[in-house]
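Below are the chains, spelled out letter by letter.
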Amino acid sequence: METSEERRYLLALVSLYSNRPRQLRQIKAMYGSAVEAWKHIHEPEMATALRRADEEENFIAKHTISVWTEEDADYPAHLKECPDAPVLLFGKGNIRANAGKMVSVVGTRSCTDRGRDLTRQFVLDLAQRCPDLTIVSGLAYGIDVAAQKAALEAGLPTIIVAGHGLDRIYPALHRNIAVAALKEGGILTEYMSGTEPERYNFVARDRIIAGMADAVVVVESKERGGSLITAGMANDYNRALFAFPGRVQDECSRGCNQLIRDQKAALIEGADDFLRQMMWDTGNPAAEQTSISLPIDNLSDSEQTVLDKLREQEDGMQINYIVQETRMSYPQVSSTLMMLEMKGVVKALPGGIYRAVK
């Protein structure tokens, strides 16, 4: 973390621009530091913001809150790839956002018993097959809390992404789940203490749920459900996106069916489908076989590297997995895949998955 002076002014800037995260990122980038930015901005509430920063420092020290910027090793690595990532994150608990795999599970607050059962079984099955997993969600009623309860039941870490400050739990009815999550996982937010759980905060919060994960899974969603916002952000960030299908007459499945129909999400019926499409199933013999293909002319070194890696997996690879396997940067892999698509040797599939054309 920065020096005490830098952090004080960064907290003050967060207070000033709490509802303008993009503008805050631009200002910090323009001046290179919070201290320098403070010298050049002119806002009517600057004195109040400095007082709030000092109050927040006291709150952080008293309640053992972790504070991370993008320069810190513990800041979620995937979130750094997002253009609107928070400048500052506050965490409570034992949060290890870069240890193992991250899956965000979201859905409607007014879920059905079927949706609740699907969520629990999905998480329990994942825990057996993928023990280095963390479940991310928002503690909301319905699918969110069902996923986080299941994670605790299975002994998996779970991270609650909050739309308010760390001086409260919302909804209060789920306080026991939040307290249990602090042991392995915890609560993460971009909001300072005293921030109320306002509706627009939760929309902003959804970008963290989508951005910090390897994959986002929508279990149930209404046609205009809030989970579709998270799903849209997952698509924008090139995260793998999956949805459970439902009957056409089921109101709580219309959003999921729509995502699948529009080829924005890959259809899954359980953990087996998910693990296979994410290439996380270490017991899959197909993942150990290498296809033999003739080289294609006029490919750059990076294009040949990515294509060779894709040829190892007949069912394709998720873009984050390609980044991991090739050790190339995310932007480089993304642009390379686009060039390979234009050359007709790679096909893009729903969920950020790419497959070599045979």
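Position labels on residues start from 1 in each chain and follow its written sequence. Note on the predicted model: pLDDT of at least 70 is required for a residue's local features to be given, and 80 or more for side-chain atom pairs to be given and counted; whole-chain, interface and lining totals, by contrast, use all residues. In computing side-chain values, all of the structure's heavy atoms are included and hydrogens and water are not.

J.: Any chance you could explain the overall build of the chain here in plain terms?
T.: Runs of H or I in DSSP of at least four residues are treated as helices and runs of E of at least two as strands, each being numbered from the N terminus. Looking only at helices and strands, one finds 14 helices and 12 strands in the chain. Just to be clear, the radius of gyration here is over C-alpha atoms, and the globule rule we use is 2.2 Å times residues to the power 0.38. Over its C-alpha trace the chain gives a radius of gyration of 21 Å, about what one expects of a compact globule, namely 21 Å for 358 residues. Reported as C-alpha extents along the three principal axes, the dimensions of the chain are approximately 65 × 50 × 35 Å. Summary of the burial criterion: residues with accessible area below 20% of their type's maximum are buried, those above 50% are exposed, and those between are partly exposed, where the area comes from a 1.4 Å probe applied to protein chains only. Here the chain holds 358 residues, and 53% of them are scored as buried.

J.: Is there a simple way to think about the packing of aromatic side chains in this case?
T.: The way to describe two aromatic rings as a pair is by their centre distance and the angle between their planes. Here a pair means two rings of Phe, Tyr or Trp (six-membered ring of Trp) with centres within 6.5 Å. Their orientation is stacked below 30 degrees between planes, edge-to-face above 60, and tilted elsewhere. This model, assessed by the stated rule, comprises 6 aromatic pairs. Geometrically, the ring pair formed by Tyr170 and Phe202 is tilted, given 5.7 Å between the ring centres and 45 degrees between the ring planes. With Tyr170 in the loop between strand S5 (158-161) and helix H7 (175-181) and Phe202 in helix H8 (residues 199-211), this residue pair connects regions lying 32 residues apart in the sequence. With a relative accessible area of 42%, Tyr170 lands in the partly exposed category. Of the residues examined, Phe202 reaches a relative accessible area of 12% and is grouped as buried.

J.: I tried to follow the sheet that holds strand S12 (residues 353-356) on my own but got confused; where do I start?
T.: Within a beta sheet, neighbouring strands are joined by backbone hydrogen bonds and run either parallel or antiparallel to one another. Any two strands with at least two DSSP-identified bridges between them are counted as paired. Taken in spatial order, the 3 strands line up as S10-S12-S11 in an open sheet, and their pairing is antiparallel. The sheet terminates laterally at strand S10 (317-318) and strand S11 (346-349), the two strands that pair on one side only. Bridge count for S10 against S12 is 2 bridges, and the pairing is antiparallel. Bridging across to S12, Gln318 finds its partner in Ile353. Lying over the sheet, helix H12 (residues 301-311) contacts S10, S11 and S12, oriented at roughly 90 degrees with respect to S12. Only heavy atoms matter for contacts: two residues are in contact if any of them lie within 4.5 Å across the pair. All axes are obtained by fitting lines to C-alpha atoms, using only the stretch in contact for helices, and the reported angles, taken between N-to-C directions, cover 0 to 180 degrees.

J.: What am I meant to see in the nonpolar core here?
T.: Looking at soluble globular proteins, one finds that nonpolar side chains tend to be buried together. Only buried residues count toward a nonpolar core. Its members are Ala, Val, Leu, Ile, Met, Phe, Trp, Tyr and Cys residues joined through side-chain atoms within 4.5 Å. Counting residues in hydrophobic clusters, the biggest one holds 37 residues, and the most contacted among them are Leu13, Trp38, Ile41 and Phe90. Elements represented by at least two residues in this core include exactly helix H1 (4-16), helix H2 (21-31), helix H3 (34-40), helix H4 (46-62), strand S2 (88-94) and H7. The greatest single-element share of this core, amounting to 7 residues, is contributed by H1. With near-sequence residues (within four places) excluded, Ile41 lies in contact with Leu13, Leu16, Tyr17, Ile27 and Met46. In terms of nonpolar packing, the next biggest core, distinct from the first, is built from 32 residues, Tyr75, Ala210, Tyr237 and Ala265 among them.

J.: What's the story with the pattern of salt bridges in this structure? I'm lost.
T.: Oppositely charged side chains can form a pair if their charged atoms are brought close together. For this analysis, a salt bridge means a side-chain nitrogen from Lys or Arg found within 4 Å of a carboxyl oxygen belonging to Asp or Glu. Scanning all chains against the criterion turns up 28 salt bridges. Between Glu81 and Arg239 there is a salt bridge, with the nearest N and O atoms lying 2.9 Å from each other. Of this pair, Glu81 sits in the loop between strand S1 (66-69) and S2 while Arg239 sits in the loop between helix H9 (227-236) and strand S8 (240-243); the two residues are 158 residues apart in sequence, bridging distant segments of the chain. On the basis of relative accessibility, which here comes to 34%, the residue Glu81 falls in the partly exposed class. Between Glu196 and Arg168 there is a salt bridge, and its shortest N-O distance comes to 2.9 Å. With Glu196 in the loop between strand S6 (185-189) and H8 and Arg168 in the loop between S5 and H7, this pair connects stretches of sequence that are 28 residues apart. For Glu196, a relative accessible area of 41% gives the class partly exposed. A residue is classified by how much of its surface remains accessible, and Arg168, at 23% relative accessible area, is partly exposed.

J.: Can you help me understand the packing of helix H13 (residues 319-326) against helix H14 (residues 330-342) in this one?
T.: When two helices pack together, you describe them by how their axes are tilted relative to each other and by the distance separating the axes. Direction vectors running N to C along H13 and H14 enclose 115 degrees, while the axes themselves pass 9 Å from each other. When the axis of H13 is compared with that of H14, the two are roughly perpendicular. Of the two elements, H13 crosses H14, and the hand of that crossing is right-handed. Counting all contacts with H13, which are made through Ile319, Asn320, Ile322, Val323 and Thr326, the residues of H14 involved are Tyr330, Val333, Ser334 and Leu337. Looking at the contact of H13 with H14 residue by residue, the classes come out as 6 nonpolar, 3 polar and no charged. By the definition adopted for this analysis, an angle is roughly parallel if under 35 degrees, roughly antiparallel if over 145, roughly perpendicular if from 65 to 115, and oblique otherwise. Helix crossings get a hand from a simple test, with the near helix turned counterclockwise from the far one by less than a right angle marking a left-handed crossing and a clockwise turn marking a right-handed one. Polar here means any residue other than Ala, Val, Leu, Ile, Met, Phe, Trp, Tyr, Cys and Pro, which are nonpolar, and Asp, Glu, Lys and Arg, which are charged; Gly is therefore polar.

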